[in-house]
Amino acid sequence: MSNPTSSLFISDLHLTPERPLPVRLFLRFIIEVAQNAQSLTILGDFFEAWVGDDNLAEAFNQDIASALNSLAARGVKVFFLPGNRDFLVGPTFAKAAGLTLLPDPTQIDLYGIATLLAHGDQFCTDDDAYQAFRRQVRDPVWQQQFLAQPLPQRLALATALRERSEHAKAGKKPEIMDVNADAIRSALETHPVSRIIHGHTHRPARHEISVHGKTVERWVLPDWYESGGYLACDERGCRLLSFA
Ligand code: LP5
Ligand code: MN
């Protein structure tokens, strides 16, 4: 389902030259699906790790930015809401890729339905170690200090952090890495929407929540490790579709 009146949502591709399958899938997805849509919104963790826009010097990142730019050139609007891997994406990348950056979360009107877009990590409030880490790396002063370090040092730090993260996750119960129901309800108090779309947990599904007697649908996007997938929305509603 992709036509000039549908809006597509993807997340958690974790693109890196070290994992060619998702890269190939994404480049095909652009030509076969996204090119024919009205918009493509990336809900974070598009890159395996983004250590600063000066890393656009790397050919791989240039190629990805150009691929995204081809959509803008065809009139497809592209939006990017960052995740926990690529929250340092900035205006230089946005310009190179022809896209618009969105804050996390962002409320939109999607074919008349108030919809909240988020990466999803902020809802995983049972994961205390992660939330403490998140507070540290989202601090603007900390980010400035990080970005002031030479690029090779930042890349090495990101690799070390990825390893620590994988090690830490292996020792966590799966349920603490899912969203917390109260965190979702609290987001719905601030943003009284009828639909939430997010990624991060890699647990693609459609959930229904009842809030003050109103039904809210929560769509969770898939990752792209073994096959791709996306949410396609139009005036009739949303559907999760796979792309292999
Ligand atoms: O990413 P994913 O899905 O595997 O796991 C996340 C949480 N992990 C992270 C870390 C990222 O994977 C690494 C990001 C690297 C790129 C960023 C570059 C720019 C910043 C560079 C900073 C040096 O987000 C993981 C969650 C999981 O989601 C599920 O929700 O559990 O959280 C963790 O694993 C965090 C650990 O529990 C705690 C980590 C402590 C590390 C402390 C080091 C602090 C030192 C920082 C400065 C060197
Ligand atoms: Mn994530």
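Let me begin by describing the structure that accompanies this report. (Residues numbered from 1 in each chain as written. Chains lettered and ligands numbered in written order. Predicted model: local features only at pLDDT ≥ 70, side-chain atom pairs only at ≥ 80, totals over all residues. Heavy atoms only, no water.)

This brings us to the state of the cysteines. Overall, the coordinates contain one disulfide when judged by the stated rule. Put simply, Cys 233 and Cys 238 are joined by a disulfide, and their sulfur atoms are 2.2 Å apart. Torsion about the S-S bond of the Cys 233 and Cys 238 cystine: about 110 degrees, corresponding to right-handed handedness. Of the residues examined, Cys 233 reaches a relative accessible area of 1% and is grouped as buried. (Disulfide = S-S within 2.5 Å. Buried < 20%, exposed > 50% of the residue type's maximum accessible area, 1.4 Å probe, protein only.)

We now examine helix 2 (residues 59–73). A rise of 1.5 Å per residue sets the reference length of helix 2, with its 15 residues, at 21 Å; its end C-alpha atoms lie 20 Å apart and thus fit the reference within 8%. All of the buried residues in helix 2 are Phe 60, Asn 61, Ile 64, Ala 65, Ala 67, Leu 68 and Leu 71. All buried residues of helix 2 lie within an arc of 155 degrees about the axis, which places them on one face of the element. Along helix 2, the residues that are exposed and aim more than 90 degrees away from the buried face are Ala 59, Asp 63 and Ala 73. (Helix = DSSP H or I, 4+ residues; strand = E, 2+ residues; numbered from the N terminus. Expected span 1.5 Å × (residues − 1). Arc of directions from axis to C-beta.)

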